[in-house]
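As a plain string of letters, each chain reads:
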Amino acid sequence: MHRRGHMSSVLYMDSPVDPELQARVNRRQAEASPTKRLDSVSEYEVDVAESQDSKVSGGGPEQIIIRPRRPAQYLSIDTHVPRDDWFNKLTAASAAPNGMLRSAYNRDSALWEDRGELHADAVNTGGNCDEFLPNTDTSAAWAKCAKNLWDHDEVTVKGWKEEIDTLLVFAGLFSAVLTAFLVQSYPMLQPDEFPSSSSPSSSSPSTSSSAIWINALWFSGLICSLASAIVGISIKQWLNHYTSRVSTMSRQSARIRQHRHNGLVKWHVGGMMSLLPVLLQTALIVFLIGILLLLWQLNIPVACVTTVLVAVLLLFTLTTLVLPAFAEDCPYKSPQAWWFFLFWQWIQSLRSTTARCIKRLLRAFRNKLVPFVPNLQIQDWLDSLIELRCYANWREREMHFVGTMKERLDPSVVTDVADATMMDDGFLEEVVRPCLNDIPLDGALASFYAILKHRAHKTRESLPDWSDNEHDGQAIATMSRMAIDVFSRIEPDYVDATSNQKRILVLMDRLFDAGHVEKAWGRLLGKVTDLLKQDDRVEQNVRDYSFRWIEKLSMHNHIDAVECHDVKAVIAYLTSIREDNEGSKFLRACLVAAHLSASLPSPEFQHIHDSLQTMFASLETFLSTPAAESVVDESNLIYLLFFLPSIVHLVRQDKALMTGRAVELLSDVFERTLTLLAEYKFRPQELLASPRVQPIRTDLQQLREDLSVL
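Residues numbered from 1 in each chain as written. Predicted model: local features only at pLDDT ≥ 70, side-chain atom pairs only at ≥ 80, totals over all residues. Heavy atoms only, no water.

> So what's going on with the nonpolar core? Which residues, and what values?
One finds Phe448, Ile504, Met508 and Phe670 to be the most contacted residues of the largest nonpolar core, which totals 102 residues. Tallying contributions element by element places helix H25 (residues 637-653) first for this core, with 10 residues. Setting aside chain neighbours within four positions, we find phenylalanine 448 in contact with Leu436, Met479, Met482, Ala483, Val486, Ile504 and Leu507. Core analysis: the second largest hydrophobic core is formed by 18 residues, Leu178, Ile214, Cys224 and Leu295 among them. (Core = buried A, V, L, I, M, F, W, Y, C linked by side-chain atoms within 4.5 Å. Buried < 20%, exposed > 50% of the residue type's maximum accessible area, 1.4 Å probe, protein only. Helix = DSSP H or I, 4+ residues; strand = E, 2+ residues; numbered from the N terminus. Contact = heavy atoms within 4.5 Å.)

Set out below in structure tokens:
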């Protein structure tokens, strides 16, 4: 595909050279060898081949070939210019407009001869060029672009037409009413043609000023109403032509649409559209003023009542006209309000210009004004007046306002969509939960609490609560995952972290007890064990709630994976409660720590071996004291049944962890707890022979015998 030009050395570049490619070529130009690939970047491959003569003389490469990885495209430089000049020319060529530079270098003149820019269409259509590039079919992209533009215009124009239809109906009704009044009022404009004979001096006809004003106002209102109707009909006709599509969606179709759109903007069709409601409101106002003038001539009491009602109506109209200019979130945005906003922006621009001029004068006479204006505090005030942002439409103003209020708006979006609008369980999982994780924590907490409040079955102790309802199973599962997500984001340094952690732990406990097993609970272990370790920044009641969750996760086997630091956190917690003489909680913490340790792989278990040995020694000491009587309680039986097999498993693997005396004391607590429970609720023989109790008793007895041998 590459053909030499008529000059001795020619540069052909039909594709833009990657800037990173050029940078790498420049960095390695000194390393060029007789046949060496300099680099391979993005879509380009660079080959450099030097002749022996050029190497000796210090000249540039004999031939440099830059091939895009698509083999149909090709770029070649064949020159004997000095090395530095060659790279300078390559850089200059790549900066040409659109990367379509065609240039030739004459080795004799050392000048670049511009051969002119070849338009892309000439290349794509196979025009007269030095190198032919393959035609990239973009018709589908242009067709999609044209379709999207036409569809957008159809939606916009449909809204305009509906608004025009509404205005035309109002204009027709209003004109009919106004015409009925005019039929009765226009005779008032006729002068009295038969003056009395007793006053010959007053023989010239006359009309009262009130009649003139009333008819002038009403006729003006009728003209405004009819004008809005005729302008609206004309705009509908223009819009019909504007939205008439061509037969096919193509690049030409996109051009036609853009041509029409440019004309629509240039000839202010949108501005005319916004004038229609202004004309109708003007007609209504002048009609009401004429009514008041007539009534004040006929009957004063009726005129007073009517004046109050008209004043309220005009005050409402004026308020809705002015408020959007000062309140960004005001929804009273209308064409007439936009005209007032433009007027207000013009006033602000005058203020800004005046403040800027005053500031320049202060700067020019700074030395003279300093004694009279200490610290020049007035300049700060002038700077606030100079700051002005002008908007082209309501949407641009809203975009600026939303950008400054996103932290407040995002939680409202999530809450309103989840509860007020959708109330759909699938939407809660697929949309609301990801959005909740994407907004700042303050907003996420507020939205989370609001969602749970609206979806709760009942309220208990001022917090939402749920019953076991199979119809809400998906929603409860999703809210459980949301609770874990939000809880995991709360750091100890977060403001009001303690109250939020405690509140969410209670809510998660109620969601868990609703009866819907959720696999996501397993990833909660790492977070709650972190709270056990942070005893300086976490309150004790939060740590207690966290330990209850570790007990619950362990008993229900909702643990994804146990790590070494999780066990260490539980051991640190049980050490603190041992100092507080909480016997039952200390026993349960030891059982939970042993259960978690049994899930550790062997390499990690070695890291906590000494800590476990110390824990079991402390447990032996505690069970040897009279305080151990407090742990003989039926509430601890469930923990003993669940976690004693883990202790047996650990000690069988490493008999150095626990002494025989400790196993004997622990077995004694288990037996006495069984006896206590059997006295009140079970027959002793049935309880001791149950399939859950008998294996544990047998294992403990066997373990005692094994340790006694040692």
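> Could you give an account of helix H17 (residues 473-489), naming the residues involved and the relevant values?
The terminal C-alpha atoms of H17 lie 25 Å apart, and with 17 residues this matches the ideal 24 Å at 1.5 Å per residue to within 8%. With 14 of 17 residues buried, H17 lies mostly within the body of the structure. (Expected span 1.5 Å × (residues − 1).)

> Residue-level account of the confidence of the model for the protein chain, with values.
Looking at the protein chain as a whole, the pLDDT averages 75, with 71% of positions reaching at least 70. Across the protein chain, helix H6 (residues 209-242) holds the top mean pLDDT of 92, while strand S1 (residues 9-12) sits lowest at 34. Under a pLDDT of 50 for its full length, residues 89-135 has, in the predicted model, 94 contacts with residues more than four places off or in other chains. Within the model, the stretch residues 199-203 combines pLDDT values under 50 with two contacts to residues more than four positions away or in other chains. (pLDDT = per-residue confidence, 0-100.)

> Provide a residue-level description of the packing of helix H22 (residues 583-597) against H25, including the pertinent values.
With their axes 8 Å apart at the nearest point, H22 and H25 run at an angle of 50 degrees to one another. By the angle class used here, H22 and H25 are oblique. Remark: the crossing between H22 and H25 carries left-handed chirality. Between H22 and H25, the residues in contact are Leu587, Arg588, Leu591, Val592, Ala594, His595 and Ser597 and Tyr639, Leu640, Phe643, Leu644, Ser646, Ile647 and Leu650, respectively. When its residues are assigned to classes, the contact of H22 with H25 shows 10 nonpolar, three polar and one charged. (Axes fitted to C-alpha atoms, helices over the stretch in contact; angles between N-to-C directions. Parallel < 35°, antiparallel > 145°, perpendicular 65-115°, else oblique. Left-handed = near helix turned anticlockwise from the far one by under 90°. Nonpolar A, V, L, I, M, F, W, Y, C, P; charged D, E, K, R; others polar.)

> Explain the pattern of salt bridges residue by residue, including any values.
Enumeration over the complete set of coordinates arrives at 20 salt bridges. For arginine 652, the salt bridge identified is with aspartate 699, shortest N-O distance 3.3 Å. Placement of the pair is arginine 652 in helix H25 and aspartate 699 in helix H28 (residues 693-709), with a sequence separation of 47 residues. Using a relative accessible area of 26% as the deciding quantity, one classes aspartate 699 as partly exposed. Salt bridges here are not isolated pairs; linked through shared partners, they connect Lys147, Asp151, Glu154 and Arg245. (Salt bridge = Lys/Arg side-chain N within 4 Å of Asp/Glu carboxyl O.)

> Which residues make up a nonpolar patch on the surface, and what values do they have?
A surface patch of nonpolar side chains, about 430 Å² in accessible area, is lined by Val183, Tyr186, Leu189, Ile212 and Phe219. A relative accessible area of 43% means that isoleucine 212 is categorised as partly exposed. (Patch = residues over 30% accessible without salt bridge, like charges linked within 9 Å, V, L, I, M, F, W, Y side chains within 5 Å. Areas by Shrake-Rupley, 256 points an atom, 1.4 Å probe, with all protein chains shown as cover.)

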